[in-house]
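Architecture at a glance
Each chain, written out:
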Amino acid sequence: MGFSPKTKRRLQRILPFGVIWCLIGFFVLFIQEAATSHKNLNPNVVITLTPKVFIFAMISVTLIGFIVGAVEIMWLGKLFNTKSFYKKIFYKLSFYTFFLVLAIIFVYPIAASIELGLPPLSEMVIYKLSNFLISLDFISTLVSIAVSLFASLFYSEISFHVGDAVFMNFFTGKYHKPIQEKRIFLFCDMKSSTTIAEQLGHIEYFKLLKAYYSDFTNAITNHSGSVYQYVGDEIIISWKYEEGIKNNNWINCFLAMKQDLHNKANWYKNKFGLEPTFKSGFHVGEVTTGEIGTLKKEIIFTGDVLNTTARIQGLCNSHNVDILISKKLIKELKPDHSFKVKSMGVSELKGKEEKMELFTVFRSS
């Protein structure tokens, strides 16, 4: 049984924590061994790095990294989501420092027992632990752990702000040279946004947009989508072709977004005095994907499919529907009894010579 898209995304975000901790842990042990020429200069405090101790240490530090990642992604990151970047780092460092001191007190006796061949709670092991906790080596260990912690939290914040996929693509250099790929695009635009902005004022309208986009998160994540751009009141969502057509992710994402927004209708009415709705256009086609920019780098898509999708979305009001789909994409729709497809006839797209048959989808009653 495979993981859900949401679980896969969480695992993909947690994995780098373990990698970061493992690499820094290895580097610290290497430096220590090189500095002491592989001699234990203080055996009453320092654990001799035997092969068994080394393997245990690397496994332990990697597992701690995964635990930190799981706590960060699934709980603590959400808890401090409204705080500024520097406050987030400060609060999290404080919390994790306490947690990691406990981890050291737990892991050290096990490593010492491996070195000495004694039970973890034996008198010799406890004596060595007590010496370690009041030594300079303990402070040194805390500093190396703080470096690992800061590096992993910094990664988490950067990837959260630029997007996990974008961050990894920059890191791996996947789009350093432009490539061609087939993608599905959804252009989603808030209805009557100008009127709403005038009605609410700039500050309240911005708060509305923030909540509005936030409420799309689960639908996009659960259906393997990725946010390409926020353009004012418009959000552009994209799928790699294979991921988009799998389980009808592209259309189910739209339906889930619509349902999630409707479920919070009363909250929006109480908070802003209105219920936001949106109109959407779908299309599929080849794009060129690559890095661009000097002062600020971005990964962008170029191709006729984006212009066409924007034109399709722009016809929603003319057809009095909240979703329009190109014939090219509707052909990829797998049979599903939970919704129905209706042709809206052939339409002329602005700036396009070729006319296109468009379709709409709605839930079966």
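Residues numbered from 1 in each chain as written. Predicted model: local features only at pLDDT ≥ 70, side-chain atom pairs only at ≥ 80, totals over all residues. Heavy atoms only, no water.

**What about the overall build of the protein?**
For the protein, the helix and strand inventory stands at 15 helices and eight strands. Relative to its length of 365 residues, the protein is extended, with a C-alpha radius of gyration of 27 Å against a globular reference of 21 Å. For the protein, the residues scored as buried account for 42% of the 365 residues in total. Nonlocal contacts in the protein, meaning residues at least 24 apart in sequence, comprise 70% of its contacts between residues at least 6 apart. (Helix = DSSP H or I, 4+ residues; strand = E, 2+ residues; numbered from the N terminus. Rg over C-alpha atoms; globule rule 2.2 N^0.38 Å. Buried < 20%, exposed > 50% of the residue type's maximum accessible area, 1.4 Å probe, protein only. Contact = heavy atoms within 4.5 Å.)

**A few points about a nonpolar patch on the surface**
Together, Phe98, Leu102, Ile105, Leu133 and Ile134 line one region of the surface with nonpolar side chains, adding up to about 510 Å² of accessible area. Within the secondary structure, leucine 133 is located in helix 4 (residues 123-133). Residue class for leucine 133 comes out partly exposed when judged on its relative accessible area of 32%. (Patch = residues over 30% accessible without salt bridge, like charges linked within 9 Å, V, L, I, M, F, W, Y side chains within 5 Å. Areas by Shrake-Rupley, 256 points an atom, 1.4 Å probe, with all protein chains shown as cover. Salt bridge = Lys/Arg side-chain N within 4 Å of Asp/Glu carboxyl O.)

**Structural notes on the packing of helix 7 (residues 193-200) against helix 8 (residues 202-214)**
If you want to describe how two helices pack, look at the angle between their axes and the distance between the axes. At their nearest, the axes of helix 7 and helix 8 sit 6 Å apart, and the two run at 130° to each other. On the basis of their axis angle, the class for helix 7 and helix 8 is oblique. Of the two elements, helix 7 crosses helix 8, and the hand of that crossing is right-handed. Contact with helix 7, carried on its side by Ser193, Ile196, Ala197 and Leu200, involves His202, Glu204, Tyr205 and Leu208 of helix 8 and no other residues of that element. Here the contact of helix 7 with helix 8 is composed, by residue class, of five nonpolar, two polar and one charged. (Axes fitted to C-alpha atoms, helices over the stretch in contact; angles between N-to-C directions. Parallel < 35°, antiparallel > 145°, perpendicular 65-115°, else oblique. Left-handed = near helix turned anticlockwise from the far one by under 90°. Nonpolar A, V, L, I, M, F, W, Y, C, P; charged D, E, K, R; others polar.)

**Points about the state of the cysteines**
For the coordinates displayed, the defined rule picks out zero disulfides. Summary of cysteine pairing: cysteine 253 is not part of a disulfide, and the nearest cysteine sulfur, belonging to cysteine 188, is at 8.9 Å. On the accessibility criterion, cysteine 253 (0% relative accessible area) is buried. (Disulfide = S-S within 2.5 Å.)

**Digging into the pairing of strand 3 (residues 234-240)**
Burial of strand 3 is extensive: six of the seven residues sit out of reach of the surface. Sheet topology note: the strand 1 (residues 179-190)/strand 3 ladder contains seven bridges and is antiparallel. If you follow phenylalanine 187 over to strand 3, its bridge partner there is isoleucine 236. As defined by bridge partners, strand 2 (residues 226-231) adjoins strand 3 across five bridges and the pair is classed as antiparallel. Counterpart to tyrosine 230 in the pairing with strand 3 is isoleucine 235. Taken together, strand 2 and the strand that follows it, strand 3, pair antiparallel across an intervening segment of two residues, in which glycine 232 is found at a positive phi of about 65°. (Pairing = 2+ DSSP bridges.)

**Things to note about the pattern of salt bridges**
Two side chains with opposite charge may pair up if their charged atoms get near one another. A full pass over the atoms with the stated rule returns six salt bridges. When the shortest N-O distance is used, the salt bridge between lysine 128 and glutamate 115 registers 2.6 Å. Residue lysine 128 is found in helix 4, and its partner glutamate 115 is found in helix 3 (residues 85-116); the two are separated by 13 residues along the sequence.

**Some remarks on helix 8**
The terminal C-alpha atoms of helix 8 lie 18 Å apart, and with 13 residues this matches the ideal 18 Å at 1.5 Å per residue to within 8%. Where helix 8 is concerned, the buried positions are Tyr205, Leu208, Leu209, Ala211, Tyr212 and Tyr213. (Expected span 1.5 Å × (residues − 1).)

**Quick notes on the side chain of glutamate 234**
On the secondary structure map, glutamate 234 appears in strand 3. It is lysine 279 that comes nearest to the buried, bridge-free glutamate 234 among opposite-charge side chains, at 8.3 Å. Contact partners of glutamate 234, with chain neighbours within four places excluded, come to Phe187, Cys188, Asp189, Tyr213, Gln229 and Gln313. (Lys, Arg positive; Asp, Glu negative; His and termini not counted.)

**Some points on helix 4**
Of all the positions in helix 4, only Val125, Lys128, Leu129, Asn131 and Phe132 are classed as buried. Projection of helix 4 onto a plane perpendicular to its axis shows the buried side chains occupying an angular sector of 165°, all on one side. (Arc of directions from axis to C-beta.)

**Points about the layout of surface pockets**
A water-sized probe, rolled over the atoms, reveals where empty space remains. Size it by volume and the second largest pocket reaches roughly 1000 Å³. For the second largest pocket, the lining is made up of 38 residues, of which Leu29, Gln32, Ala57, Phe132 and Thr141 are closest to its centre. Of all the elements in the fold, those that place two or more residues in the lining of the second largest pocket are helix 1 (5-35), helix 2 (51-79), helix 3 and helix 5 (136-162). It is helix 1 that contributes the most residues to the lining of the second largest pocket, eight residues altogether. (1 Å grid on protein atoms, 1.4 Å probe; cavity = no way out; pocket = protein on both sides within 12 Å on 5 of 7 lines; lining within 4 Å. Points joined across faces, edges and corners; volume = space filled by probe spheres on them.)

**Points about the nonpolar core**
Counting 42 residues, the largest nonpolar core has Tyr212, Phe216, Trp250, Ile251, Met257 and Phe282 as the members making the most contacts within it. Among the elements that take part in this core, helix 11 (residues 249-263) stands out by supplying eight residues, more than any other. Dropping the residues within four chain positions of it, phenylalanine 216 is found in contact with Cys188, Ile235, Met257, Leu261 and Phe278. One finds Leu29, Phe132, Ile145 and Tyr155 within the second-largest nonpolar core, a separate group that totals 31 residues. (Core = buried A, V, L, I, M, F, W, Y, C linked by side-chain atoms within 4.5 Å.)

**Observations regarding the environment of threonine 289**
Residue placement: threonine 289 occurs in strand 4 (residues 278-292). Residue threonine 289 is classed as buried on the basis of its relative accessible area, which comes to 0%. A sequence separation of 107 residues divides threonine 289 from lysine 182, and the C-alpha atoms of the two residues are 9.9 Å apart. For threonine 289, the side chain forms a polar contact with the side chain of glutamate 181, separated by 2.7 Å. (Polar contact = N/O pair within 3.5 Å; in protein donor to acceptor, adjacent residues only side chain to side chain.)

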